[in-house]
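Chain by chain, the residues run as shown.
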Amino acid sequence: MNTAIIPQLSQIGSPPPVILNHGLHGQATTAVLKYENQERIISAVTDPSQWVNRKPDAILVSMGGDDICGDQFAIYLDYMGSGLNAARFQGALDSVEASYRDLFALRDAVARGTPIFAHCYDYAIPNGVATFCAGPWLQPSLEFSGYDLAAGLKIVSTMIDGFAARLQKLAGQKNNNFVLIDTRKTLQRVWGPPMGWANELHPYPPGFMALAEKFLAALRRHFPKGAI
């Protein structure tokens, strides 16, 4: 099974959604939307041969986590203090919001009327578990700044809720044509299969499937019966 939301989504539904995947792993929103990538998006979206209906029905997005997690996570933490520094973290969210607003503007320029769907991640466990090729992304900064796992869990929860609130604000503005899928509490906050965390930022395949099912449900709610 594929360990990512979009490949899982491509396998479920009757029939499954047909998805042109331009996913970019491990990049902040500012990198995802650099001009070279925007050129790729424009090329794909404006090519009728790429689409069943000659244009995309929706744009699916998963971005924002890499703006915060990683070695730069330490920037948003008070040293030996009250946890997440609210002012500095809001600055990070401002950058994420700017990127989303740029995406909305790009969509309006080349695919006006196409809704954008995104999600807000889930409550990760900052336990220092990495993949074979990357990470960990949370625990090193927490440890450096003087926080144990218990404190780290609270900090990560505050981050995810703040991230979700910022995207919900964008979803609440009708002109953005933006749907936020609330994926919080989809996974169990434990380390281990099937529905827990495989490492600090990623679930096991059943968890990715559960996240994909939330995307599918949101698409079905948005589109007329039978369209998705």
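Residues numbered from 1 in each chain as written. Predicted model: local features only at pLDDT ≥ 70, side-chain atom pairs only at ≥ 80, totals over all residues. Heavy atoms only, no water.

Draft legend 1. Representation of the overall build of the protein. The number of helices and strands found in the protein is 7 helices and 3 strands. Mapped from its N terminus to its C terminus, the protein presents α and β elements in the order α-α-α-β-α-β-α-α-β-α. A principal-axis box enclosing the C-alpha atoms of the protein has dimensions of 55 × 35 × 30 Å. Counting contacts in the protein only where the partners sit at least 6 residues apart, residues at least 24 apart contribute 71% of the total. In the form shown here, the protein has an accessible surface area of approximately 11,600 Å², with 55% of it arising from carbon and sulfur atoms. For the protein, the separation between the mean place of its 19 positive charges and that of its 19 negative charges on side chains is 10 Å. (Helix = DSSP H or I, 4+ residues; strand = E, 2+ residues; numbered from the N terminus. Contact = heavy atoms within 4.5 Å. Areas by Shrake-Rupley, 256 points an atom, 1.4 Å probe, with all protein chains shown as cover. Lys, Arg positive; Asp, Glu negative; His and termini not counted. Charge placed at Lys NZ, Arg CZ, Asp CG, Glu CD.)

Draft legend 2. Highlighting the nonpolar core. Within the largest apolar cluster, 42 residues are counted, with the highest numbers of intra-cluster contacts made by V61, I68, F73, Y100, I155 and F178. Put simply, the parts of the chain that give this core at least two residues each are β1 (59-61), α4 (86-110), β2 (116-119), α6 (149-171) and β3 (178-181). (Core = buried A, V, L, I, M, F, W, Y, C linked by side-chain atoms within 4.5 Å. Buried < 20%, exposed > 50% of the residue type's maximum accessible area, 1.4 Å probe, protein only.)

Draft legend 3. Region of the structure containing the state of the cysteines. Scanning all chains against the criterion turns up 0 disulfides. Looking at C69, it has no disulfide partner, and the nearest cysteine sulfur is the one in C120, 13 Å off. When its relative accessible area of 14% is taken as the criterion, C69 is described as buried. (Disulfide = S-S within 2.5 Å.)

Draft legend 4. Expanded view of the packing of α4 against α6. Packing of α4 against α6 leaves a shortest axis separation of 10 Å and a crossing angle of 35°. In the packing of α4 onto α6, the handedness of the crossing is right-handed. For the pair formed by α4 and α6, the contact residues are F89, Q90, L93, D94, V96, E97, Y100, R101 and F104 on the first element and M159, G162, F163, R166, L167, K169 and L170 on the second. Considering only residue class, the contact of α4 with α6 consists of 9 nonpolar, 2 polar and 5 charged. (Axes fitted to C-alpha atoms, helices over the stretch in contact; angles between N-to-C directions. Left-handed = near helix turned anticlockwise from the far one by under 90°. Nonpolar A, V, L, I, M, F, W, Y, C, P; charged D, E, K, R; others polar.)

Draft legend 5. Region of the structure containing the sheet that holds β1. One open sheet accounts for 3 strands, arranged β1-β2-β3; its pairing is parallel. The open sheet terminates on both sides in strands that have one partner only, identified here as β1 and β3. Averaged over neighbouring strand pairs, the angle between their axes works out to 20° when direction is ignored. Pairing of β1 with β2, which is carried by 3 bridges, proceeds in the parallel orientation. Of the residues in β2, the one forming a bridge with V61 is A118. Along the sheet face, α6 touches β2 and β3 and points at about 150° away from the line of β3. Contacting β1, β2 and β3, helix α7 (residues 205-222) runs over the sheet at an angle of about 150° to β2. (Pairing = 2+ DSSP bridges.)

Draft legend 6. View of the pattern of salt bridges. Taken as a whole and assessed by the stated rule, the structure comprises 8 salt bridges. Where R88 meets D78, a salt bridge forms, and the shortest distance between an N and an O atom there is 3.4 Å. You can see R88 sitting in helix α4 and its partner D78 sitting in the loop between β1 and α4, a full 10 residues away along the chain. We note a salt bridge from E97 to R166, for which the minimum N-O separation is 2.9 Å. Taken together, the residues E97 in helix α4 and R166 in helix α6 connect sequence positions 69 residues apart. You'll find E97 and R166 in the same group, each marked buried. If you follow the salt bridges from partner to partner, you end up with D94, E97, R101, R166 and K169 in one network. (Salt bridge = Lys/Arg side-chain N within 4 Å of Asp/Glu carboxyl O.)

Draft legend 7. Seen up close, a nonpolar patch on the surface. Together, Y79, M80 and F144 line one region of the surface with nonpolar side chains, adding up to about 430 Å² of accessible area. As for its placement among the helices and strands, Y79 is situated in the loop between β1 and α4. (Patch = residues over 30% accessible without salt bridge, like charges linked within 9 Å, V, L, I, M, F, W, Y side chains within 5 Å.)

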